Every structure is written in structure tokens, then in C-alpha cells.
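An overview of the molecular structure
Spelled out, the chains give:
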Amino acid sequence: MDKPAPPADRLTDPVALRLGYMLRRASAAMMAGLGVALAEIGLRPVEGTILILVGANPGCIQSEVGRMLGIKRANMVPLIAALAGRGLVEKSPVDGRSLALSLTSAGEQLRAQVDAIMDAHEARFERLLAGRDISLLREALRLIAEEGEAGAE
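First, a word on what this report is: a plain description of the structure on this page.

Thresholds applied
- Residues numbered from 1 in each chain as written.
- Predicted model: local features only at pLDDT ≥ 70, side-chain atom pairs only at ≥ 80, totals over all residues.
- Heavy atoms only, no water.
- Pairing = 2+ DSSP bridges.
- Helix = DSSP H or I, 4+ residues; strand = E, 2+ residues; numbered from the N terminus.
- Salt bridge = Lys/Arg side-chain N within 4 Å of Asp/Glu carboxyl O.
- Buried < 20%, exposed > 50% of the residue type's maximum accessible area, 1.4 Å probe, protein only.
- 1 Å grid on protein atoms, 1.4 Å probe; cavity = no way out; pocket = protein on both sides within 12 Å on 5 of 7 lines; lining within 4 Å.
- Points joined across faces, edges and corners; volume = space filled by probe spheres on them.
- Nonpolar A, V, L, I, M, F, W, Y, C, P; charged D, E, K, R; others polar.
- Axes fitted to C-alpha atoms, helices over the stretch in contact; angles between N-to-C directions.
- Parallel < 35°, antiparallel > 145°, perpendicular 65-115°, else oblique.
- Left-handed = near helix turned anticlockwise from the far one by under 90°.
- Contact = heavy atoms within 4.5 Å.
- Expected span 1.5 Å × (residues − 1).
- Core = buried A, V, L, I, M, F, W, Y, C linked by side-chain atoms within 4.5 Å.

One ladder, built from 2 bridges, connects strand S1 (residues 60-61) with strand S3 (residues 98-103); its direction is antiparallel. Bridge pairing in S3 links Ile 61 to Ala 100. As defined by bridge partners, strand S2 (residues 89-95) adjoins S3 across 6 bridges and the pair is classed as antiparallel. In the strand pairing of S3, Glu 90 is matched with Ser 102. What sits between the antiparallel neighbours S2 and S3 is a turn of 2 residues, in which Gly 96 has the positive phi angle 45 degrees.

Before going further, it helps to examine the pattern of salt bridges. One pass over the structure, following the stated rule, counts 7 salt bridges. Across the pair Arg 44 and Glu 47 runs a salt bridge whose closest N-O atoms are separated by 3.4 Å. You can call Glu 47 buried: its relative accessible area is 9%. For Glu 126, the salt bridge is made with Arg 138, and the minimal N-O distance between the two is 2.5 Å. Linking Glu 126 in helix H5 (residues 105-128) with Arg 138 in helix H6 (residues 134-152), this pair joins segments that are 12 residues apart in sequence. With relative accessibility at 32%, the residue Glu 126 sits in the partly exposed group. Accessibility expressed as a relative area gives 44% for Arg 138, which makes it partly exposed.

Let us now look at the layout of surface pockets. Volume-wise, the largest pocket comes out at about 1,400 Å³. Looking at the largest pocket, it is lined by 30 residues, and the ones nearest its centre are Ser 27, Met 30, Met 31, Glu 122 and Leu 141. Of all the secondary structure elements, the ones that give two or more residues to the lining of the largest pocket are helix H1 (19-39), helix H2 (45-56), helix H3 (62-69), H5 and H6. Of all the elements, H6 adds the most residues to the lining of the largest pocket, at 10 residues. Across the lining of the largest pocket, the residue classes tally to 21 nonpolar, 3 polar and 6 charged. Considered as a void within the structure, the second largest pocket measures approximately 230 Å³ in volume. Lining of the second largest pocket is provided by 13 residues; of these, Gln 62, Ser 63, Arg 73, Val 77 and Arg 97 occupy positions nearest its centre.

Let's shift gears to the packing of H2 against H5. Viewed as axis vectors pointing N to C, H2 and H5 meet at an angle of 115 degrees, and their least axial separation amounts to 9 Å. Between H2 and H5, the angle falls in the class roughly perpendicular. As for the relative orientation of H2 and H5, their crossing is left-handed in sense. Here Pro 45, Gly 48, Thr 49, Leu 51, Ile 52 and Gly 55 of H2 lie close against H5, whose contacting residues are Glu 108, Leu 110, Arg 111, Val 114, Asp 115 and Met 118. Its residues placed into classes, the contact of H2 with H5 shows 6 nonpolar, 3 polar and 3 charged.

Counted at 1.5 Å a residue, the expected span for H5 with its 24 residues is 34 Å, and the 35 Å between its end C-alpha atoms agrees. Taken together, the buried positions of H5 are occupied by Gly 107, Leu 110, Arg 111, Val 114, Ile 117, Met 118, His 121 and Phe 125. Of the surrounding secondary structure, the elements contacted by the buried residues of H5 are H1, H2 and S3.

Considering soluble globular proteins, one finds that nonpolar side chains tend to be buried as a cluster. Among the nonpolar cores identified, the biggest contains 22 residues, and Ile 50, Leu 51 and Val 65 are the most heavily contacted of them. Those elements giving two or more residues to this core turn out to be H1, H2, helix H4 (73-85), S3 and H5. For Leu 51, the residues in contact, after removing those within four places along its chain, are Leu 43, Leu 83, Leu 88, Val 89, Leu 103, Leu 110 and Arg 111.

In C-alpha cells:
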């Protein structure tokens, strides 16, 4: 007869200190809170991020935005279509199949709200890390992301 499994709070966690696992858990914690905050203005984190990126780069090409954010073309199309359908993003043809993106005035107003929400959200975690060199964390995360992108090519 099998022994019953111990309760989850008494399990040994052999992956708890693995870097990838810790990054995934930290990311999930940060993104969950951001998702709740952005839902109050009717956006998901990916949509808010697109608004910020397009706002910073008016006239950018949809495929460039997808590449920068690591979003496949098949997923970018409905995201942009939804933002355009809500009157937040304007699309204009550039050449052939390329579309240039810019924010409408409503999109710019919502982008400002997204910026404020993301700033407040980031500040919460920066307070948690007060007294530590956050620039080292940012640099380490950048290096990990670059290595992951290089390995995927």
C-alpha cells in the first residue's frame, strides 16, 4: 500500500533555488499584480506594453513591435486589430504588407494611464528591494534575456 503524500507545505522543494524557477515565480508574482491593476482600465499587460511601445515609436512597423516584444506574427495581428477596433491604435500602410502604427488621442490618454500604473507597480517592487543595487538586478536580467534570445536563434 502506498504512503499518503505529505501536505504541500511540508514538501521538499528541490527546484526552489534554481535560477529559472526563481525567475518564473518572480515574474508570475509581478505580472499577476500588474494584470489586476491594468484590468481596471480594461487592458492586459501585453496590450499596455504595446501602447507604451507604439507611443514611444510613432510610425513603427507592426512586425518590429512583435519582434521587440517576442510576439509571433499570428498573435500580433489580433492584438493590434483589437487595439485598433477600440480606437486606440491607427494602422497605415507603408509598403506591401507592412503597417505603420501610431496611437490615437484616446490611445495616448490610455498609454499615459498605463505608464502611471506600471510606474506605481515597479515602485512597489523597488521599495521591496530598497537598499539593494537594483541596477545589478536589471543588468543580470538583461544578460539572461539576451542569452535566451541568442540561444533561440
